[in-house]
Every structure is written in structure tokens, then in C-alpha cells.
Amino acid sequence: MTVPIATDQKSLFFRDRLMDWHRPEDRPLPWKENKDIYLIWLSEIMLQQTRTGQVTPYYKRFTGRFPVLESLATAEEEDVMHYWQGLGYYNRARNLHRAAKYIYFDLEGKFPSDYPSWLAIPGVGPYTAAAITSFALGLPHAVLDGNVFRLLSRYFGIFDPIDTGAGKKLFQQLADQLIDRNNPAQFNQAIMDFGATICKPQNPLCDICPLQSKCIAFIEGTIGQLPVKKRSVARKKLVLNYLHITDGEAFLLWRRPPGSIWPGLYELPSLPEDTEVNAHLKKEMGLIPTEVKKVTQLKHQLTHREITATFYRVQISDFKRLKKGDWILVKYKNFTKFAVHRLMKKYFHIFMD
DNA sequence: AACACGGGGAA
DNA sequence: TTCCCAGTGTT
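Residues numbered from 1 in each chain as written. Chains lettered and ligands numbered in written order. Predicted model: local features only at pLDDT ≥ 70, side-chain atom pairs only at ≥ 80, totals over all residues. Heavy atoms only, no water.

Chemist: Any chance you could explain the protein's contact with DNA strand B here in plain terms?
Modeler: Near DNA strand B there are 13 residues, and of these Gln 49, Arg 51, Tyr 89, Tyr 90 and Gly 165 occur at the shortest range. Expressed as a percentage, the sugar and phosphate content of the atoms of DNA strand B within 4 Å of the protein is 44%. Here Arg 51 contributes a side-chain N or O atom positioned 2.9 Å from a base nitrogen of DNA strand B. Backbone polar atom of Leu 87 to a base nitrogen of DNA strand B: 3.5 Å apart, as the coordinates give it. Of the residues in the surface near DNA strand B, the class split is three nonpolar, eight polar and two charged. (Near = heavy atom within 4 Å. Polar contact = N/O pair within 3.5 Å; in protein donor to acceptor, adjacent residues only side chain to side chain. Nonpolar A, V, L, I, M, F, W, Y, C, P; charged D, E, K, R; others polar.)

Chemist: Would you take a moment to explain the environment of Arg 51 for this structure?
Modeler: Inspection of the secondary structure puts Arg 51 in the loop between helix 2 (37-46) and helix 3 (52-65). The sequence separation of Arg 51 and Ala 196 amounts to 145 residues, and the corresponding C-alpha distance is 9.9 Å. (Helix = DSSP H or I, 4+ residues; strand = E, 2+ residues; numbered from the N terminus.)

Chemist: Looking at this model, I keep getting lost on the side chain of Thr 310. Mind explaining?
Modeler: Take Thr 310: it is sitting in strand 5 (residues 305-315). Excluding residues that lie within four positions of it along the chain, Thr 310 makes contacts with Leu 240, Asn 241, Tyr 242, Lys 294, Thr 296 and Gln 297. (Contact = heavy atoms within 4.5 Å.)

Chemist: Whenever I open this one, empty space enclosed by the protein confuses me. Can you help?
Modeler: To find leftover empty space, a probe the size of one water molecule is rolled over the atoms. All told, the structure shown has two cavities of 30 Å³ or more when counted by the stated rule. Considered class by class, the residues forming the lining of the largest cavity number 13 nonpolar, one polar and no charged. For the second largest cavity, the calculated volume is near 30 Å³. Lining the second largest cavity are Trp 41, Ile 45, Gln 48, Arg 92, Asn 95, Leu 96, Pro 122 and Gly 123. At the level of elements, helix 2 and helix 6 (91-106) are the ones that each hand at least two residues to the lining of the second largest cavity. (1 Å grid on protein atoms, 1.4 Å probe; cavity = no way out; pocket = protein on both sides within 12 Å on 5 of 7 lines; lining within 4 Å. Points joined across faces, edges and corners; volume = space filled by probe spheres on them.)

Chemist: What is the right way to read the domain arrangement of chain A from this model?
Modeler: Interfaces are often sized by the amount of accessible area the parts lose when they come together. Once the domains are mapped, chain A shows domain 1 (9-145 + 175-196) and domain 2 (236-351). The straight-line distance from the C-alpha centre of domain 1 to that of domain 2 is 56 Å. (Domains from an automatic or database assignment.)

Chemist: Would you explain the packing of helix 9 (residues 146-155) against helix 11 (residues 184-197) in this entry?
Modeler: Packed helices, taken two at a time, are described by the angle between their axes plus the distance between the axes. Across the interface, helix 9 lies against helix 11 with an axial gap of 8 Å and an inter-helix angle of 80 degrees. Here helix 9 lies roughly perpendicular to helix 11, going by the angle between them. Taken together, the residues of helix 11 that come into contact with helix 9 (itself represented by Asn 147, Val 148, Arg 150, Leu 151 and Leu 152) are Ile 191, Met 192, Phe 194, Gly 195 and Ala 196. (Axes fitted to C-alpha atoms, helices over the stretch in contact; angles between N-to-C directions. Parallel < 35°, antiparallel > 145°, perpendicular 65-115°, else oblique.)

Chemist: Is there a simple way to explain the layout of surface pockets in this structure?
Modeler: As a volume, the largest pocket reaches approximately 1700 Å³. The wall of the largest pocket is formed by 46 residues, among which Tyr 127, Asp 145, Gly 146, Asn 147 and Met 192 lie closest to the centre. Every element with two or more residues in the lining of the largest pocket is listed here: helix 2, helix 8 (126-137), helix 9, helix 10 (165-178) and helix 11. Of the residues forming the lining of the largest pocket, the biggest block, six residues, is contributed by helix 11. Residues belonging to the lining of the largest pocket are distributed by class as follows: 18 nonpolar, 16 polar and 12 charged.

Below, the structure is given as C-alpha cells:
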């Protein structure tokens, strides 16, 4: 790690305020009570993707049964799994056990003493290696977990996705520059505590945040957008029904209102959910179709939505009885003048050749 | 780069 | 319900 310490004002302010904010006694947790590298290792494995409150009882039970490396290394796997039961991500326990045997028998009970060696231990990735080497050995490796990603992305206003190789590299460099080399352990503890208690995912406590005055996301009102993730979490499903109402020469378009998806873009009039086509046409538009045909169904992916759109072609003799409404009558030769979203484009591409 | 891997707290 | 948690290993 040959990254220079960041000396710009923003970074200095961040480091100073963070270290000043940190009160180790504020978040007392059982694994903070000592510097036993075995116990720190164990706690960090348990804490992977798992809340502190959920870990605490497991940690106590587990350390009661396996208080030192030897007890874990010489235990039966079934016994280990039993004490992990209910905590989830069970490969953690298997890797932990495998690693314990490796350290106890192959390394003669001597724990690795640097970052790369810890990284080679089963179940230990970049985060855990940094946590162990800083907490137990005082080495200046910055931890990068969900809390740190969130805090840094907001404070520095970074919109690069955190779930790509490039993004992780960027944030790791930044964190390694920020770390207080005089006290890496306290810095790592502080940055995670801060993220967990102040810069929370939802409803962060910006009003009492000591970093507020220089927090880009707070200043620019983008707290809710950060951190950015490329891979969207399971998309929300959305069902839409569109009506392609035409007399052969023209058809109807409608402009989406602001505050919805695709604000301001045009699309075919849509049929409200749980509404029958003919009834809707007559009641809302004053139209009586000569033919209604289900034409196609298209899937469309958005960042946070999976849309299933069904298209109905509605044939009418003329638009004379069309009620006044938000829709506009568009001649086929003119329809390219209207801005439409990609889903609509897909449909037009297929059915307006 | 994408995916599997668990269970639970909070909004 | 949805989000996300002191992430890592595999493909």
C-alpha cells in the first residue's frame, strides 16, 4: 500500500471530524473487548453480511464452545455447524473450520501477520483481511464495507457504481488515502460506526452529522441516490396494457405526466388495470370499436422495474365521437415527431412498418 | 461480471 | 413488501 495520504482540505476535514466524532465506548460489542486475533477473525467472519445485533448471541455461544484456535481446529465439522445453525451463509462456517485446521496444523498455530497472507485464508476477502490486520495488528489497511461505500459516496459525491471492479478499486484507493495512519484500527472502527449510526441507508441523521457542511450529497440533495449500484436489485414487476386505437389513418397518443416513469414522453393510451377494454373505450373516450384484438405482449427492463406490456389493437370507423381528453390524434405519417420511450419504440418498430 | 449464498431488522 | 446488512467463492 503505497498510496499517499490525502492532504486536500476535504479529506483532512473528513478524517479529523470522523476521528473526533468517534467514541469507542458508544457502541460496545463483545468482540471489541480484546485484541485476540482469533476472536477478531471469528467475529469478522460472523459479521459478513450480518447485522451486529444478530451476531452477538451467536458470537457468545460460539466462543463459549470454541474459545481458542485449538478448540475450533480439533472440533468435528458437525459440531461447528451446530453452533452456526441459524446464522446463515453456512459456507462461512465451513471455511472458518477449514482455515482453523490449516492455521493450527499447517502453520503450527501461528496466524498470518500481513494482509496478503490473510487474503489467502478461506473465507477471508479484502474486507475481512483489512479488518483483521488493522484491528489485531494495527496495520493501515482501510476496510471497505457497505457502510464505507455509502459514507464515502455521499460525502465525496461519487456516482461511480460500487459493485464493479473499477468502482471497488476507486473506493479502496480513496479509503486507503483517508485512513489515519496513526491509528488505523480506530479509523476503521470509526468509519463503520459512523456509516451504521449516522450515514444510514434510509433516513440518515444529516441534521446532526459533523460532516454535513462539506458533504457533497447533502449540499446537492442527492443523498437518496447514493451509493449507486449497477446491478439493480430484483426488479419490481409492473403490468401495463396499451391501446392502439386507430381508424386506419391516425391513432391516439398520450403524454405521460411528470412524477411517473417516463415523464413527458408520449405513448399509446393505457388501459387501467382490472378494466375491460370495451367498457373503458365507451366510458372514457366515447368510442365503440368494430374490432378489438390482442396484438402482442412485450417485456421491458428498466433499472428498477420489469414491465410486462400487453398491446391491444382497437379498430374504429372514425374518431368523430371521441371525447375530449389528454390524448392527441396523430396521423401515421407524423408519428415519428413524438418522443416515445423505448418500450413504445419497440412496439412501433414491429407494428408500424 | 454475474450469481449463489440466509436470515432478520427496519421502514 | 423492499432494502440491505462489518462479503466471499465460484463459474
